[in-house]
Amino acid sequence: MSAAVPAGSRQHRQRQIIGWVLFAVVVALIPFLIADTYSPTIFGNRYTFGLGNLSQAIGMMVAILGLNIATGYSGQLSLGHSFFVGSGAYLTAVLVNEFHWSYLSTLGVVVPGLFVFGVLFGIPALRIQGLYLGLLTFAVAAVFPSIIRLDEVKDRTGGSNGLLIESDLEAPTWAPLGTVTEWLHAIPGVGSRVPDGLTGRQEEVVYKYFLLVIVALVCFWLVRNILAGRVGRALVAIRDNPLGAAANGVNLAAYKTLSFGISAAVGGVAGTMLAMHSGFVGPDEFGFSMAILLIVGLIVGGAGTLHGAVVGGLAIQFVPVWSSQTQTLPGTDVALEGPYGTAILGGLLIIIIFALPGGAAHGFRRIKARLMPVAPQPPTG
Amino acid sequence: MVVLASVLGVFDITLDKLSNGELWLAQFFRGLSDGATYASVALALVMIYKSTGFINFAQGSLALLGVYLAYIFSVEQGLPVAVAVVCAMAASSVVAMFVERVFIRPFPPDHVLPLVIVTLGLLLIIDSAVGIVWGFRTRSLPSMFPSGAPIEWGIAQLTWRTIGNLGTVFAVVGLLYLLLSRTKVGLAFRAVSSNLESARLVGIRVGPTLGFGWALAAAIGTLGGALVVPDLLLEPSIMLRVLIFSLAAAALGGLDSLVGAVIGGLVVGLARNLLVTFLDLSELALATAVAVILVVLLVRPTGLFGSTRVERV
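Just so we're clear, the structure is a prediction, and the values are computed from it rather than from any experiment.

### Observations concerning the overall build of chain A
Okay, step 1: Check the secondary structure of chain A and you find 15 helices and 6 strands.
Okay, step 2: Taken along the three principal axes of its C-alpha coordinates, chain A extends 65 × 65 × 50 Å.
Okay, step 3: The buried share of chain A, reckoned over its 381 residues, is 44%.
Okay, step 4: Across chain A, every contact between residues at least 6 apart in sequence was considered, and the portion connecting residues at least 24 apart equals 76%.

Shown next as structure tokens:
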């Protein structure tokens, strides 16, 4: 155990920079390691994880990030976040299919569109508080699939069958993904884990992954900046003590609607990302089961923290994938069949609330504080 | 006149449909029947909200478990359906008391959000446990009431099942009212729901009283499930759909009013059947329910009969 490092000192800065560099290296290397699916055998069960799972998880992270703004930071229980995610996904799908836009340019419509939509949604939410709001948003989440299946919009949205999105995201020729893979493959020792070059389909998956990572990083960075300033302080004040916040001059109505607007806009981006990842949107993907899953992710990761969204997104993506591929109880011959993944997520949710109310992000922070203590410095002036 | 005609045209309303009295009556009866089932699960939700101040999202799942037990008792063990349902109600109350003791009581009762989240976790666990144990095959549970219709008027039939559903719900409300106003347990329950701290100070054992509330709510929910299932088929996701309509009913009536739950249930049931038929909105059954709640909540944020909570500054 090392001695406490003063916050803001050179050592502390260095440590932060090392941390970020490590993070960047891991994020950049993963796609090449599992571009060819990664299939470990653990306790007699064979698993197949593809890079696609990770890309989907990244979309979920951004969805949770959006939910975090309304629920985690400003404390308004929203069980209907899937509605915004779904709207973003369908908006992207329709724009790409009918107007032949590129995926990323649809964000120019999705973000402002969903922001306005979230604000409009937030205005009635001002009058409806607490659990009543939770109920209403839950019902709204359940309505989304039936809106998509309406006869009037069926031609556009594909109804129950979902909608295949035409545009293929192909890796541009300037992106040296194949070359990088060959270089990595040439590294003696560890290089053998990396395939020798990429097939066209793999290249597309890897390219999509990097695109999603960049969009996600931009989202997290923007949200972090919004929340670190005046808006973030106002939202947290509203969550912790609405009366106190109002007495100190926070305009409750404006900030609550704003939080719904930002939350919906980020949710819409998540929808675009999910559409980008799978090239398909279906109505039941964005029903209330997704709304509940996002809440699970939010709580398991840690409500009111940005790191929590990352952990939560990984959890709600990989727990079901892992359990659906688990054929027998690890280490035994007992066969497992049925929705164990959902049960595990439910159990995880309850355990986290019991044992670690701040979520996984809080747990990591405590471990980090123990291993690498940082002494806070009073501001000098 | 032209405007009216065009409005009707948009919704594809034909005048002979509107003037078809039998269709009105048929949908009215169906709405009452559906409404009664929503009302019974809404009653269970309201019982929990009254005592603890939060919404038990696992209420539908507890009812689901109860209905599966009723299926086991009646179809597999050969008990008469009514007896099987009563046994299932008893069994599900035991489960609910266990759940309350283990998962709910450790939390401070004034922090609502963690408790709501715990019930969401329970929803996931119980629903998937039912799926794991009994699989996703659909089954049919016989109704507690005889088939056939005593009153027929063309296509409009007032079936025994509708009468039975309505009668059951009104009986449940009546019994609950008597229980809460005339018995000692009921008095304790009302004291706890009105002011937990003071109730504890005058010597009421708060924990067991809340456990009793949970047991009662689970029994009512199971009864509601047993009313719903004969119309649909029994499979693990069935109560989730009912839960949404029941949540709508409870929010509409006001989360802490028993009468409100029943009226809310009937309104949601009627709105669903009448609006959907006459406006031709078959996909929008749920959306109409949501629209009804939204409008009501905007005018009265605590529902039709809910009491306003006054905050002390």
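### Re the overall build of chain B
Okay, step 1: Scanning chain B from N- to C-terminus turns up 13 helices and 2 strands.
Okay, step 2: In terms of C-alpha radius of gyration, chain B reaches 20 Å, essentially the compact-globule figure of 20 Å for 313 residues.
Okay, step 3: Over its C-alpha atoms, taken along the principal directions, chain B stretches across nearly 65 × 55 × 35 Å.
Okay, step 4: For chain B, the residues scored as buried account for 49% of the 313 residues in total.
Okay, step 5: The contacts in chain B between residues at least 6 apart in sequence include a share of 73% that link residues at least 24 apart.

### Quick word on helix α3 (residues 81-99) of chain A
Residue and element names in this part refer to chain A.
Okay, step 1: A rise of 1.5 Å per residue sets the reference length of α3, with its 19 residues, at 27 Å; its end C-alpha atoms lie 27 Å apart and thus fit the reference within 8%.
Okay, step 2: Counting buried residues along α3, 16 of its 19 residues qualify, which places the element largely inside the surrounding structure.
Okay, step 3: Phi turns positive, to about 55°, at H100, one or two residues after α3.

### Quick look at unusual backbone geometry
Residue and element names in this part refer to chain A.
Okay, step 1: Unusually for a residue other than glycine, H100 sits at a positive phi of about 55°.
Okay, step 2: Position of H100 relative to the elements: it lies in the loop between α3 and α4 (103-127).
Okay, step 3: Look at H100 and you get exposed, because 9 C-beta atoms sit within 10 Å.

### A closer look at helix α6 (residues 112-134) of chain B
Residues and elements named next belong to chain B.
Okay, step 1: The end-to-end C-alpha distance of α6, which contains 23 residues, comes to 33 Å, matching closely the 33 Å that a straight helix rising 1.5 Å per residue would cover.
Okay, step 2: Most of α6 sits inside the fold, with 17 of its 23 residues counted as buried.
Okay, step 3: Just past α6, the residue G135 takes up positive phi, approximately 75°.

### A few points about the environment of R15 of chain A
Residue and element names in this part refer to chain A.
Okay, step 1: Tracing the backbone through its elements, the reader meets R15 in helix α1 (residues 10-33).
Okay, step 2: The exposure class of R15 is partly exposed, given the 15 C-beta atoms found within 10 Å.
Okay, step 3: Among all residues touching R15, those that are not within four sequence positions of it are V5 and M372.

### Some details on the environment of S87 of chain A
All names here are of chain A.
Okay, step 1: Here S87 is to be found in helix α3.
Okay, step 2: Here the alpha-carbon distance between S87 and Q11, two residues 76 residues apart in the chain, equals 46 Å.
Okay, step 3: If we skip the residues at most four places from it in the chain, S87 touches L114, F117, G268 and G271.

### So, the interface of chain B and chain A
A common measure of how large an interface is: the accessible area buried when the components associate.
Okay, step 1: Contact with chain B, which involves 34 residues of that partner, is made by 35 residues of chain A.
Okay, step 2: Among the elements of the structure, α6, α11 (238-253) and α13 (285-299) of chain B are those that each provide at least two residues to the side of chain B that touches chain A.
Okay, step 3: In terms of residue count, α6 of chain B provides more of the side of chain B that touches chain A than any other element does, 15 residues in total.
Okay, step 4: When its residues are assigned to classes, the side of chain B that touches chain A shows 30 nonpolar, 3 polar and 1 charged.

### Considering the confidence of the model for chain B
Residue and element names in this part refer to chain B.
Okay, step 1: Overall, the prediction assigns chain B a mean pLDDT of 83, with 91% of residues at 70 or greater.
Okay, step 2: Of all helices and strands in chain B, the one with the weakest mean pLDDT is helix α1 (residues 2-10) (53), whereas helix α5 (residues 81-104) scores best (91).
Okay, step 3: Here the predicted complex scores 0.87 on pTM and 0.83 on ipTM.

### As for the environment of G66 of chain A
Residues and elements named next belong to chain A.
Okay, step 1: Secondary-structure assignment places G66 in helix α2 (residues 51-73).
Okay, step 2: Owing to 30 C-beta atoms within 10 Å, G66 belongs among the buried residues under this scheme.
Okay, step 3: Sequence separation between G66 and L294 is 228 residues, and the spatial gap between their C-alpha atoms is 9.9 Å.
Okay, step 4: If near-sequence neighbours (up to four positions away) are discounted, G66 is found in contact with H81, F84, S263, V266, G267 and A270.

Calculation notes
- Here, residues in each chain are numbered from 1, in the same order as that chain's written sequence.
- In the order they appear in the text, chains get letters beginning with A and ligands get numbers beginning with 1.
- Given that the model is predicted, a residue must reach a pLDDT of at least 70 before its local features are reported, and side-chain atom pairs must reach 80 or more before they are shown or counted; all residues, however, enter totals for whole chains, interfaces and linings.
- Helix numbering and strand numbering both begin at the N terminus, where a helix is a DSSP run of H or I of at least 4 residues and a strand a DSSP run of E of at least 2.
- Partly exposed residues are those whose C-beta has more than 12 but fewer than 20 other C-beta atoms within 10 Å; 20 or more makes a residue buried and 12 or fewer makes it exposed, with C-beta atoms placed from the backbone.
- A residue pair is marked as a contact if its C-beta atoms, positioned from the backbone, fall within 7 Å.
- Our radius of gyration looks at C-alpha atoms and nothing else; its globule reference is 2.2 Å times the residue count to the power 0.38.
- How far a helix is expected to stretch is found by multiplying one less than its residue total by 1.5 Å.
- The nonpolar class holds Ala, Val, Leu, Ile, Met, Phe, Trp, Tyr, Cys and Pro. Asp, Glu, Lys and Arg form the charged class, and all remaining residues, Gly among them, are polar.
- pLDDT runs from 0 to 100 and stands for how confident the predictor is about each residue.

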